[in-house]
Amino acid sequence: MAVSETRLSEKEGRGVSRGEPGGGLAVALWATLRRDLTLLMRRRGEVLNPLVFFALVITLFPIGISPDPQLLATIAPGLLWVAALLAALLSLDSLFRGDYDDGSLEQLMLTPQPLPMLAMAKVAVHWLMTGLPLALMAPILGIMLSLPAGSYLVLALSLALGTASLSLIGAIGAALTVGLSRGGVLLSLLVLPLYIPVLIFGAGSVQAAIVGDGVAAHLAILGALLALSLMLAPWAIAASLRISING
Amino acid sequence: MWAFINKLRSPKWFYAISAKLQPFFWVAAAGLILTGTVWGLAFAPADYQQGNSFRIIYVHVPAAFLAQSIFVSMAVAGLVYMVWKIKIADMAAAMMAPLGAAMTFVSLFSGAVWGVPTWGTWWMWDARLTSMLILLFLYLGVIALRGAFTSRDSASRAASVLAMVGVINIPIIKYSVDWWYTLHQPATFTITGRAAMPMEMWAPLLIMVLGFYSFFIALTLMRTRSEILRRESNKRWVRDLAGEMR
């Protein structure tokens, strides 16, 4: 008896939120975005960590290889891209972890709104708080690596475009491993091979800018990769989250 | 058609039918691989440029073929499992993965050995070797993910999703690596100009490829059969079977 009552009230609850005036997907998306942004603003350390990591890794290379500006300039595009990629990877594990631990991920699944869209909102926040800052910070580190002039804008642009794909692809891995107690290392094993195309065209665009080739083609392919992951990744993320929650 | 698919759902039916199919594929595999090896190593003419070292192709190419096909079959099996909840598909996918990783490793290793006489070095960041290396990591990821879950159902579904994501990415990775390689153009001689291979050379290769595929099917059938027994060990028909054997 009690069971049937709870079921009934659950149904009613769904009906109410669906019939809410002005309610629906847009409200849910906005609420998810705002909630995640607020949460991250309250834990600024989590936002800063990938940036500090990025700067630190870049510092290691001149020390490990050579402070020779010419040598650094040749390897700078690849270095900056690889370091940014690793920094973005570092922050992935916490993408769904907090919500999984406190149960809000389950609540997210109970809403009548489509899960792929809500997951997209979370990924968008991840990109805003890691990918975009990394892209804005990269030119400064580029100066330190004596990256040739004229490629700074392309570096920032390619990173901004590329990290969006990285966040989307990485979120699949994060969703698959969120239920595992020690998913961190596994996450990098799952996600890094999938990052290779983005790395190739991202670092390639900066290299092309240095040589003086057209960068439009590279950026267009990065955009195409982003479009493809925008189209397919949300479904994979949602399916993976469902597996992690039910498992 | 539907009756057939429904039959496929039954591990018992699969166990019975695979018992009949299995010997056929084992015989085919043994016969083809033996013929191909003897023909390829002893009777095929030596390459005018590479001499006898080209004969490694008879292991390298079939292994590379299998490495890629197994990943695709794994993803197809994952899709079948996710859509129709056919357990056999997942068992087969789980059993294929280690063989696929092994084949990827074999093709990488034989490629490295082949590199010594042709390039003068064990490893080149050649486009094909690089994408094979990435494929190996994809395999390891799927295997590791399946092993990380404690619940079998979640493990199966997670591995299926990852295999499908991987299979969408394989062509993208392959073409971007090819593009990256042509851009950087190291001055080496490639083995791409293989189109004009004479009949005496590629006939054993074809036989080897068919032999490797038969071996893959036979081994997958065998391993899936034992996996069925393991997973269904509490079912009545498996117990009856064990009773008969005793």
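So, a few notes on the structure that sits alongside this text. Just so it is clear, the structure is predicted and the values come from calculations on it, not from any experiment.

The rules we used
Residues numbered from 1 in each chain as written. Chains lettered and ligands numbered in written order. Predicted model: local features only at pLDDT ≥ 70, side-chain atom pairs only at ≥ 80, totals over all residues. Heavy atoms only, no water. Patch = residues over 30% accessible without salt bridge, like charges linked within 9 Å, V, L, I, M, F, W, Y side chains within 5 Å. Areas by Shrake-Rupley, 256 points an atom, 1.4 Å probe, with all protein chains shown as cover. Salt bridge = Lys/Arg side-chain N within 4 Å of Asp/Glu carboxyl O. Helix = DSSP H or I, 4+ residues; strand = E, 2+ residues; numbered from the N terminus. Axes fitted to C-alpha atoms, helices over the stretch in contact; angles between N-to-C directions. Parallel < 35°, antiparallel > 145°, perpendicular 65-115°, else oblique. Left-handed = near helix turned anticlockwise from the far one by under 90°. Nonpolar A, V, L, I, M, F, W, Y, C, P; charged D, E, K, R; others polar. Phe/Tyr/Trp six-rings, centres within 6.5 Å; stacked < 30°, edge-to-face > 60°. Buried < 20%, exposed > 50% of the residue type's maximum accessible area, 1.4 Å probe, protein only. Contact = heavy atoms within 4.5 Å. Buried area = accessible area lost by both parts, 1.4 Å probe. Polar contact = N/O pair within 3.5 Å; in protein donor to acceptor, adjacent residues only side chain to side chain.

Next up on the list: a nonpolar patch on the surface. On the surface, a nonpolar cluster with roughly 380 Å² of combined accessible area is contributed by A:Leu48, A:Val52, A:Leu56 and A:Leu60. Position of A:Leu48 among the secondary structure elements: in helix α3 (residues 44–64).

Okay, the packing of helix α3 (residues 57–84) of chain B against helix α4 (residues 87–119) of chain B next. Residue and element names in this part refer to chain B. At their nearest, the axes of α3 and α4 sit 7 Å apart, and the two run at 155° to each other. In this view, α3 runs roughly antiparallel relative to α4, as classed from their interaxial angle. For the pair α3 and α4, the sense of crossing is left-handed. Grouping the amino acids of the contact of α3 with α4 by side-chain chemistry returns 19 nonpolar, seven polar and two charged.

Glancing now at the packing of aromatic side chains. Residue and element names in this part refer to chain B. One pass over the full model with this rule turns up eight aromatic pairs over all chains. For the ring pair Trp26 and Phe215, a centre distance of 6.0 Å and an interplane angle of 70° mean the geometry is edge-to-face. Here the residue Trp26 occupies a position in helix α2 (residues 11–43), and Phe215 occupies one in helix α7 (residues 199–231), the gap between them amounting to 189 residues. On the basis of relative accessible area, Trp26 is assigned to the partly exposed category, the value being 29%. For Phe215, a relative accessible area of 25% gives the class partly exposed.

All names here are of chain A. In the contact formed by helix α7 (residues 115–144) and helix α10 (residues 216–246), the axes pass within 8 Å of each other and the chain directions differ by 105°. Judged on the interaxial angle alone, α10 and α7 are roughly perpendicular. Of the residues in α10, those in contact with Leu115, Pro116, Ala119, Met120 and Val123 of α7 are Leu230, Pro234, Trp235, Ile237, Ala238, Leu241 and Arg242. Here the contact of α7 with α10 is built from residues that sort into 11 nonpolar, no polar and one charged.

Every contact between the two is made by 26 residues of chain B and, on the other side, 25 residues of chain A. Interface of chain B and chain A: buried area, both sides summed, is about 2100 Å²; carbon and sulfur atoms make up 87% of it. Linking chain B to chain A there are zero salt bridges. Linking chain B with chain A are zero residue pairs in polar contact (both at pLDDT 80 or more). Per element, the largest residue contribution to the side of chain B that touches chain A is 16 residues, and it comes from helix α6 (residues 152–184) of chain B. Tallied by class, residues from the side of chain B that touches chain A come to 19 nonpolar, six polar and one charged.

What follows concerns the pattern of salt bridges. Residues and elements named next belong to chain B. Throughout the structure, instances matching the rule amount to 14 salt bridges over all chains. With its nearest N and O atoms 3.2 Å apart, the salt bridge here joins Asp90 to Arg146. Within this pair, whereas Asp90 is found in helix α4, its partner Arg146 is found in helix α5 (residues 127–148), the two being separated by 56 residues in sequence. Like Arg146, Asp90 is buried. With a closest N to O distance of 3.7 Å, Lys174 and Asp178 form a salt bridge. One end of the pair is Lys174 and the other is Asp178, both in helix α6 and four residues apart, which spans about a single turn. We classify Lys174 as partly exposed; its relative accessible area is 28%. Among the residues examined, Asp178 registers a relative accessible area of 24% and is labelled partly exposed.

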